[in-house]
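Chain by chain, the residues:
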Amino acid sequence: MKELQYLNKYFIKYKYRFLLGLLITIVAQIFSLFTPELIGNSIKVIEDYVKSAQKDVALLKYELLKNILYILATTIIAGFFTFLMRQTLIVMSRYVEFDLKNEIFNHYQNLSQHFYKRNRTGDLMNRISEDVGKVRMYVGPAVMYTLNTIMRFTIVVIYMYNISPKLTLYSLLPLPLLSYSIFKISSEIHKRSGAFQQNLSNLFSFTQEIFSGIRVIKAYAIEQKKQNDFLALTKESNTKAMDLARVNSLFGPLMILLIGLSNLVVVYVGGSMYINNDPEIESIGVIAQFILYINMLTWPVASLGWVSSLVQEAEASQKRINEFLKEEPAIKNPTHLPTKINGSIIFNNVSFVYEDTHIKALNGVSFSLEKGKTLAILGKTGSGKSTILSLISRLYDATEGEITIDNQPITTVNLYDLRNQISVVPQDAFLFSDTIKNNIKFGNEKATDEEVIEAAKKAVVHENIMTFNDQYETILGERGITLSGGQKQRVSIARALIKNAPILLLDDCLSAVDTETEETILNNLLTYCKDKTTLIVSHRVSSAKNADEIIILEDGKIIEKGTHNELLEQNGYYKDLYVKQLSEKEIS
Ligand code: ADP
Ligand code: MG
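Note that the coordinates shown come from a computational prediction; the quantities given were computed from them, not determined experimentally.

Thresholds applied
Residues numbered from 1 in each chain as written. Chains lettered and ligands numbered in written order. Predicted model: local features only at pLDDT ≥ 70, side-chain atom pairs only at ≥ 80, totals over all residues. Heavy atoms only, no water. 1 Å grid on protein atoms, 1.4 Å probe; cavity = no way out; pocket = protein on both sides within 12 Å on 5 of 7 lines; lining within 4 Å. Points joined across faces, edges and corners; volume = space filled by probe spheres on them. Helix = DSSP H or I, 4+ residues; strand = E, 2+ residues; numbered from the N terminus. Buried < 20%, exposed > 50% of the residue type's maximum accessible area, 1.4 Å probe, protein only. Pairing = 2+ DSSP bridges. Near = heavy atom within 4 Å. Polar contact = N/O pair within 3.5 Å; in protein donor to acceptor, adjacent residues only side chain to side chain. Nonpolar A, V, L, I, M, F, W, Y, C, P; charged D, E, K, R; others polar. Donors = N, O, S within 2.8 Å, 3.2 Å for Na, K, Ca; no water. Core = buried A, V, L, I, M, F, W, Y, C linked by side-chain atoms within 4.5 Å. Domains from an automatic or database assignment. Contact = heavy atoms within 4.5 Å. Axes fitted to C-alpha atoms, helices over the stretch in contact; angles between N-to-C directions. Salt bridge = Lys/Arg side-chain N within 4 Å of Asp/Glu carboxyl O. Patch = residues over 30% accessible without salt bridge, like charges linked within 9 Å, V, L, I, M, F, W, Y side chains within 5 Å. Areas by Shrake-Rupley, 256 points an atom, 1.4 Å probe, with all protein chains shown as cover. pLDDT = per-residue confidence, 0-100. Phe/Tyr/Trp six-rings, centres within 6.5 Å; stacked < 30°, edge-to-face > 60°.

Engineer: Sorry, what's going on with the layout of surface pockets here?
Structural biologist: Once rolled over the atoms, a probe with the size of a water molecule shows which space is left empty. Here the largest pocket defines a volume of roughly 2,100 Å³. For the largest pocket, the lining is made up of 43 residues, of which Gln 113, Leu 395, Arg 419, Pro 426 and Phe 442 are closest to its centre. Contributions of two or more residues to the lining of the largest pocket are made by helix H4 (57-110), helix H5 (113-118), helix H6 (121-163), helix H8 (174-212), helix H12 (385-392), helix H13 (415-420), strand S6 (422-425) and helix H17 (485-499).

Here it is in structure tokens:
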């Protein structure tokens, strides 16, 4: 129960609803007790009639009819209150489920990159849906049935005891056995359904990956192999489901057996007492009454076993949820004071090691960039270019050295203001399954249609968009149109431009664009970036030559640094690249 204590705050939040539920449960229980008593009484009336000398049929009929009407009335009232009980307690559990889902989602969003690399998407989704569902079974049904059982048990046993202590004792004897066996079966069900769920999770992750990678699978024609993998997974799933069904089907017969046993005990012991003229059993009606009581008790008592397995499951699920909720974001916001960013950036001997792979991506990198200036970063793949940009948006923190923004250490700047004032075009442009317009407006919710078009024109993608049937309303992604790599990059650039932030980070975002279009975009950027601090990562000299400074990275170290002309004089990597790309241009 330790993990489930986390939920206490929700019980406190919904305390009035909870207490109301408790009250309603008591009322429902009291009303459901009338039926056995009235039936017992009816039998007694018939018995008296049979024994009496002058047979008054009219009186008998009157008494029986009265009892029937009472039974009808109290049953309806009990039913109504049971309905209200579910309405309050189960509805409360739905509220808690809603709150918990939102809490987890919000927390997920705050966690850092590192967390997402360590955990699989399928697992994250499972915890926010399956596990929350299991926890709800604790907050709702488990709590409700427990309350119900306690109330019913207390009230019924007091009633029974008042009529006949001896018969009460005998008829309660089989109940612990019932509860224990149900508990055993429920635990077994729990274990097997856990195995089944785990398998389902695997199946889910597997199919998800297949669907997202369907293009590659088709291109390599490995459908048959994947089909076999799927078959193996579903076979396992099938075996697990059969295992589960076997214990599940034991449940019903066992219940019936044990209830039958209790009834036999009541009939045998009660009957013997009646025959021996025991004063506690004044009429056969009492035996009927007891049979009804016992039947009223068996289901709640059996449900204790079921409830305890629900609680076990919820405990395991809440543990998994708590694991993630306890996870602290690696990158924390140091202050809630708003920060206005000007845009000067300094790297002072910065090194960075990726925690999981232990790759040293940056090694003693230093540069300083004044507000409004442009820095171009060139180098082979894997030399650490993207890592520099990640450190500026604080997706990671430097392992050694210091980064400052406007001469303040970056770790002391308000994190959200920092990110809000940086426009990023990442290397792998990601677009959402939404309209093109909304994908661009993602950079600035308040942008007008004119501004969207303006940004698209600067990114030289407007003409492309106008050729689609729905133009800016064209849906992208899974259910819509698939853009080419270059188109994606340009939409992604438009998104960054519309944000109009003082710092602009461009990560190799023209790689899939032809050189002519690149030239136009770079020209557009020249005016746009006049007052903005810009870092442009590229493979091409053409993107770099106009920058105020160019650095060349190799294995995380800066090997060359200077302006276009200075670097050409150095006769190093940059010069080589320049000559090579110049000749390529001449050929084409
Ligand atoms: P570039 O952008 O110049 O191609 P990166 O900055 O992406 O280079 O990568 C630098 C090095 O860090 C590479 O060796 C790469 O494998 C490694 N690396 C990049 N991103 C990650 C990551 N998220 N986790 C672990 N290692 C990474
Ligand atoms: Mg990169």
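From this point, things continue past the structure.
Engineer: Just to check I follow, could you spell out the pairing of strand S8 (residues 533-538) for this structure?
Structural biologist: Here is the key point about a regular strand: its side chains alternate between the two faces of the sheet. The buried fraction of S8 is high, at six of six residues. Two strands pair when backbone bridges link them, and strand S3 (residues 374-379) and S8 are joined in this way by five bridges, in the parallel orientation. In the sheet register, Thr 374 faces S8, and the bridge partner there is Thr 534. Taken together, the five bridges between strand S7 (residues 503-507) and S8 define a ladder with parallel strand orientation. Bridge pairing in S8 places Leu 506 opposite Ile 536.

Engineer: Help me understand the site of ligand 1 in this model?
Structural biologist: Around ligand 1, the surrounding shell holds 15 residues, and the nearest of these are Lys 117, Gly 382, Lys 385, Ser 386 and Thr 387. Measuring from an oxygen atom of ligand 1, one finds a backbone N or O atom of Ser 383 at 3.2 Å. At 3.0 Å from an oxygen atom of ligand 1 is found a main-chain nitrogen or oxygen belonging to Gly 384. Looking at the shell around ligand 1 residue by residue, the class counts come to four nonpolar, seven polar and four charged.

Engineer: How should I be thinking about the environment of Leu 582 in this particular structure?
Structural biologist: Checked against the element boundaries, Leu 582 lands in helix H21 (residues 573-587). Its relative accessible area of 38% is what places Leu 582 among the partly exposed residues. Spatially, the C-alpha atoms of Leu 582 and Phe 153 are 90 Å apart, while their sequence positions differ by 429 residues.

Engineer: Would you mind showing me how to read the coordination of the magnesium ion (ligand 2) here?
Structural biologist: Between any two of four tetrahedral donors, the ideal angle at the metal is 109.5 degrees; between two of six octahedral donors, it is 90 or 180 degrees. Bound to the magnesium ion (ligand 2) are the protein donor atoms Ser 386 (OG) and Gln 427 (OE1), situated 2.0 to 2.3 Å from the metal. Remark: Gln 427 occurs in the loop between S6 and helix H14 (436-441) and Ser 386 occurs in helix H12; sequence separation between them is 41 residues. Given the relative accessible area of 40%, Gln 427 is considered partly exposed.

Engineer: Whenever I open this one, unusual backbone geometry confuses me. Can you help?
Structural biologist: A negative phi angle is the norm for most residues apart from glycine, just as the trans form is the norm for most peptide bonds. The backbone of Ala 221 sits at a positive phi, close to 50°, despite the residue not being glycine. Along the chain, the position of Ala 221 falls in the loop between helix H9 (214-219) and helix H10 (223-275). A positive phi angle is found at Asp 406, which is not glycine, with a value near 50°. Within the secondary structure, Asp 406 sits in the loop between strand S4 (400-405) and strand S5 (408-409).

Engineer: Just to check I follow, could you spell out the nonpolar core for this structure?
Structural biologist: Among soluble globular proteins, nonpolar side chains are generally buried collectively. Formed by 43 residues in total, the largest nonpolar core has its most connected members in Leu 378, Ile 440, Leu 504, Leu 525, Ile 550 and Tyr 574. Ranked by residue count, the leading element in this core is H17, at six residues. Residue-level mapping places this core at the junction of two domains, with at least three residues from each of domain 2 (345-421 + 501-587) and domain 3 (430-495). In contact with Leu 504, other than residues within four places in its own chain, are Ser 423, Ala 496, Leu 497, Leu 525, Tyr 528, Cys 529, Thr 533, Thr 534 and Leu 535.

Engineer: How should the sheet that holds S7 be read in this particular structure?
Structural biologist: With mixed pairing, the six strands of this open sheet are ordered in space as S6-S7-S8-S3-S9-S10. The sheet is open, and its two borders are formed by S6 and strand S10 (557-562), each paired with just one other strand. The mean inter-strand angle of the sheet, taken between neighbouring strand axes irrespective of direction, is 15°. Contacts between H12 and the sheet are confined to S3, S6, S7, S8 and strand S9 (549-554), with S8 contributing the most and set at about 155° to the helix.

Engineer: Could you clarify how one ought to interpret the pattern of salt bridges in this entry?
Structural biologist: Side-chain pairs of opposite charge can arise whenever the charged atoms involved come near each other. Enumeration over the complete set of coordinates arrives at 22 salt bridges. The shortest N-O distance in the salt bridge between Lys 13 and Asp 99 comes to 2.9 Å. Of this pair, Lys 13 sits in helix H1 (residues 8-13) while Asp 99 is found in helix H4, placing the two residues 86 residues apart along the sequence. By relative accessible area, which is 13% here, Asp 99 ends up buried. Of the charged contacts, one joins Glu 63 and Lys 66 as a salt bridge, the two residues approaching to 3.8 Å between their closest N and O atoms. Pair noted here: Glu 63 and Lys 66 are both in helix H4, with a separation of three residues, about one helical turn.

Engineer: When you look at the sheet that holds S4 in this model, what are you seeing that I'm missing?
Structural biologist: Strand pairs in the sheet, formed through backbone hydrogen bonds, run parallel or antiparallel to each other. Ordered by their spatial adjacency, four strands build an open sheet running S2-S1-S4-S5, and the pairing between neighbours is antiparallel. Of all the strands in the sheet, the pair left with one neighbour each is strand S2 (360-369) and S5. Strands in contact with H12 are strand S1 (345-353), S2 and S4; relative to S1, the strand with the most contacts, it is inclined by about 115°.

Engineer: Where do I start with a nonpolar patch on the surface in this structure?
Structural biologist: A grouping of Leu 65, Leu 69, Leu 72 and Ile 76 is seen on the molecular surface, where their side chains present a nonpolar patch of about 430 Å² in accessible area. Within the element layout of this structure, Leu 65 appears in helix H4.

Engineer: What is the right way to read the side chain of Asn 333 from this model?
Structural biologist: Relative to the assigned elements, Asn 333 resides in the loop between helix H11 (284-326) and S1. Among the polar contacts listed, one links the side chain of Asn 333 to the backbone nitrogen of Leu 415, at a separation of 2.8 Å. Beyond its immediate sequence surroundings of up to four residues, Asn 333 is in contact with Val 413, Asn 414, Leu 415 and Tyr 416.

Engineer: Before we go on, may I ask you to explain the confidence of the model for the chain in this structure?
Structural biologist: One rule of thumb: low pLDDT means the predicted coordinates there are not for detailed reading. Put simply, the chain has an average pLDDT of 85, and 99% of its residues get 70 or more. The secondary structure element of the chain with the lowest average pLDDT is H21, at 75, and the one with the highest is H12, at 92.

Engineer: Mind showing me how you'd approach the packing of aromatic side chains here?
Structural biologist: Taken as a whole and assessed by the stated rule, the structure comprises 19 aromatic pairs. Centroid distance Phe 347 to Phe 367: 4.5 Å. Interplanar angle 15°. Geometry classified as stacked. Of this pair, Phe 347 sits in strand S1 while Phe 367 sits in strand S2; the two residues are 20 residues apart in sequence, bridging distant segments of the chain. Taken as a pair, Phe 347 and Phe 367 share a single burial class, namely buried. Geometrically, the ring pair formed by Tyr 354 and Tyr 396 is edge-to-face, given 5.3 Å between the ring centres and 85° between the ring planes.

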